[in-house]
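Topology and contacts: notes
The lines below spell out each chain.
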Amino acid sequence: MGEARAAAGPDVRPRRREVSMADVAAMAGVSGQTVSRVANGRENVDPETRARVQDAMARLGYRPNSAARALRSGRFRSIGVIMFSLASYGNTRTLDAVASVAAEAGYSLTVITVQSATQSDVSGAFVRLAEHAVDGVIILIETHRLGERELALPTGLPVVVVDSSADYPYPVVDNDQALGARLATEHLLDLGHQTVNHISGPRESFAAERRRVAWHDTLVARGARVPEAHVGDWTAESGYEIGRSLAADDAVTAVFAANDRMALGLLRALHEADRPVPASVSVVGYDDAPESANFWPPLTTVRQHFDRIGAAAVRSLLTEIDGGEAPAERTLVPTELVVRASSGPRA
């Protein structure tokens, strides 16, 4: 028997007693009710007392029972996010903003990525989020499919849609894609270029479609010839491959790429073909990614405010969660043209 206990002894550790609210109250020298107020984020506690309670919580390793708190308040302090991809620059920046604003409001995030924006994938994501007990859902899926009427979103949770053409009774938040494309195209025409070629994003992308249509309509409005749009996939590689054919055409003097990555590939193709930028070909991108100012030459581009999009989405969702009226309307955040050295007058 003794040998058996000795053999088992090293693997058996006494279970640590869970720290209680009473333990925190005793260390902080306050009542259990005061600890409860601090744990639940109530404001009716003076700053000095709050700091003392929080210090006691940290020293003791106290963890408030969020499940019990949710049962009492009917809130889980959690927001669900449904995304198509984390690879997109815009999606990543928007998610970062959503996470920051949600954290400031005391909410955590549960993120679910879906393979496609089909009825089955989106409905399945809703079911999984319901299992995770979230208070509302932000949908960040860049695709036409979400805008089709046959895609029904489950009811029962507040919803905000980001970057979509969705025709639903939910708030929709987006950068003004059409404005940015129009500014880019007009900028190149104003520099004296007779027309502007376009490298578009993928056909299934709502944002790419908005930019392509605005480029097309701007050329028509200005009486310029409308070249065929070249479809890329957002990558620098696709911009490079398309750029090789554009560089071989001496008639091409201005190109608007639907994102900065494709513009980067285009710049490489132009350099390899000895088509100096902007002396021979002017280039404008879209996004204003952090590295765009360090392209060679520094890239003229359209700046999107993903931080404002994320903040607006969270604020709208919290309004719904709090029982307020969130109008089912589209909120467009203005885009702006950032002029750098990659665009210039037609030679």
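Below or above, wherever it landed, is the structure these notes cover. All values derive from a computational prediction rather than experimental measurement.

Here Val 277 and Pro 278 are connected by a cis peptide whose omega angle stands at 5 degrees. If you trace the backbone, Pro 278 turns up in the loop between helix 11 (260-272) and strand 9 (282-284). Here the residue pair Trp 296 and Pro 297 is connected by a cis peptide bond, since its omega of -5 degrees sits within 30 degrees of zero. Turning to its location among the elements, Pro 297 is positioned in the loop between strand 9 and strand 10 (301-303). If you check the backbone angles, Asp 274 has positive phi at about 60 degrees while not being a glycine. Within the secondary structure, Asp 274 sits in the loop between helix 11 and strand 9. Assessed through its relative accessible area of 64%, Asp 274 is described here as exposed. The phi torsion at Asp 288 lies on the positive side, around 60 degrees, for a residue other than glycine.

What follows concerns the packing of helix 2 (residues 21-28) against helix 3 (residues 32-39). Where helix 2 meets helix 3, the axes come as close as 8 Å, and the angle between the chain directions of the two elements is 105 degrees. Compared by their axis directions, helix 2 and helix 3 come out roughly perpendicular. Where helix 2 approaches helix 3, its residues Met 21, Val 24 and Ala 25 are matched on the opposing element by Gly 32, Val 35 and Ser 36.

Rules of the game
- Residues numbered from 1 in each chain as written.
- Predicted model: local features only at pLDDT ≥ 70, side-chain atom pairs only at ≥ 80, totals over all residues.
- Heavy atoms only, no water.
- Helix = DSSP H or I, 4+ residues; strand = E, 2+ residues; numbered from the N terminus.
- Buried < 20%, exposed > 50% of the residue type's maximum accessible area, 1.4 Å probe, protein only.
- Axes fitted to C-alpha atoms, helices over the stretch in contact; angles between N-to-C directions.
- Parallel < 35°, antiparallel > 145°, perpendicular 65-115°, else oblique.
- Contact = heavy atoms within 4.5 Å.

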